[in-house]
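# Secondary and tertiary structure notes
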Amino acid sequence: MTFSGVRAQKGIQPVGALLAVPSASFARPASANTYAANAVVSDSATAPTILEFPVCALCPGGGGMVISARHAKNSTVIASFRLELYRASRTAINDNAQFPLLFANKVNRIGWVDFSSHASFGTGSDSTVSHGVFPSSLSYLPYVADGTSLFGIAISLSGYAAPASEQHTFELCVQRY
C-alpha cells in the first residue's frame, strides 16, 4: 500500500504511525556513463534534484531513527553506493560530478548508509537490490528533521558503467518520535 510516497507496514496505518517507510526514486540521464568512485548519481547533469524522503518526522522539527534502508535499481550491473542523509534540503549535485564533503553542510548532515552488496537473485533477473549498512558499529541513525522530511544524495562508491536511464529507488525504514 502506498500513501503519499510512504509504504505502510503491515497492520500499521501510515498517518500518525511511529514506523514509516518513505522512499525516493529517480532515473539517471538517458546516456550511458562510467562513474568514478565518489561520483554523484542523480537525475540530471545540469539541473539535478535532491532526493526527498517525506514524513520522516511526525511534526516539523520532530525526530526519529533510520533503522534500516534498501536500494533497488532496474539493472543487473553490480556496484556499490552510499546515500548521504541530511535533516534539511541542500544544493543538489550534477550527475557524475565528484561529491564534495563540505564543512558548511555539517549542521544538516546526519550520516550515511552504504549499499555494497547488491544481489540480482539469478537468471532472468532484471534488477538488483541491497540492504544498507550504517557507519562503524551503529545499528541506526538518529535524526532531528528541519521539517518533516529527510533529504539525500546518492554516490557511487566504486566506479561502474551505468546503463542509460537506469532507475534507482531508496527506501528508509524510520521510527519516528
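Read on for a plain summary of the structure. (Residues numbered from 1 in each chain as written. Predicted model: local features only at pLDDT ≥ 70, side-chain atom pairs only at ≥ 80, totals over all residues. Heavy atoms only, no water.)

## Considerations on the pattern of salt bridges
Keep this limit in mind: Basic side-chain nitrogens of Lys or Arg form a salt bridge, by our definition, when they fall within 4 Å of a carboxyl oxygen of Asp or Glu. Secondary structure counts use DSSP, requiring at least four H or I residues in a row for a helix and at least two E residues in a row for a strand, with both numbered from the N terminus.
All told, the structure shown has five salt bridges when counted by the stated rule. Among the salt bridges present, the one from arginine 82 reaches aspartate 114, with a minimum N-O distance of 2.6 Å. Taken as a pair, arginine 82 in strand β8 (residues 81–86) and aspartate 114 in strand β9 (residues 109–115) lie far apart in primary sequence, 32 residues in all. The partner of aspartate 146 in a salt bridge is arginine 87, and the shortest N-O contact between them spans 3.3 Å. Taken together, the positions of aspartate 146 in the loop between β11 (141–144) and β12 (150–156) and arginine 87 in the loop between β8 and β9 put the pair 59 residues apart, joining distant regions of the chain.

## Brief notes about the packing of aromatic side chains
This is how the line gets drawn: Pairing of aromatic side chains here covers Phe, Tyr and the six-membered ring of Trp, requires ring centres within 6.5 Å, and sorts the geometry by plane angle: under 30 degrees stacked, over 60 edge-to-face, intermediate tilted. In this scheme, a residue with accessible area under 20% of its type's maximum is buried, one over 50% is exposed, and one in between is partly exposed, where area comes from a 1.4 Å probe on protein chains only.
This structure, assessed with the given rule, holds three aromatic pairs. Seen from their ring centres, tyrosine 35 and tyrosine 160 are 5.4 Å apart, and the 15° between their planes marks the pair as stacked. In this pair, tyrosine 35 is assigned in strand β4 (residues 33–35) and tyrosine 160 in strand β13 (residues 160–162), connecting sequence segments 125 residues apart. Neither residue differs from the other here; tyrosine 35 and tyrosine 160 are each classed as buried.

## Examining the side chain of glutamate 84
So the rule is basically this: Pairing of N or O atoms within 3.5 Å defines a polar contact, subject to two protein rules: one partner must be a possible hydrogen donor and the other a possible acceptor, and residues neighboring in sequence count only if both atoms are side-chain atoms. Any two residues having at least one pair of non-hydrogen atoms within 4.5 Å are treated as being in contact.
You can see glutamate 84 is positioned in strand β8. Taking relative accessible area as the criterion, glutamate 84 reaches 2% and is therefore assigned buried. Engagement of the side chain of glutamate 84 in a polar contact is seen with the side chain of arginine 109, the distance being 2.6 Å. Contact partners of glutamate 84, with chain neighbours within four places excluded, come to Phe99, Arg109, Gly111, Trp112, Phe151, Gly152, Ile153 and Ile155.

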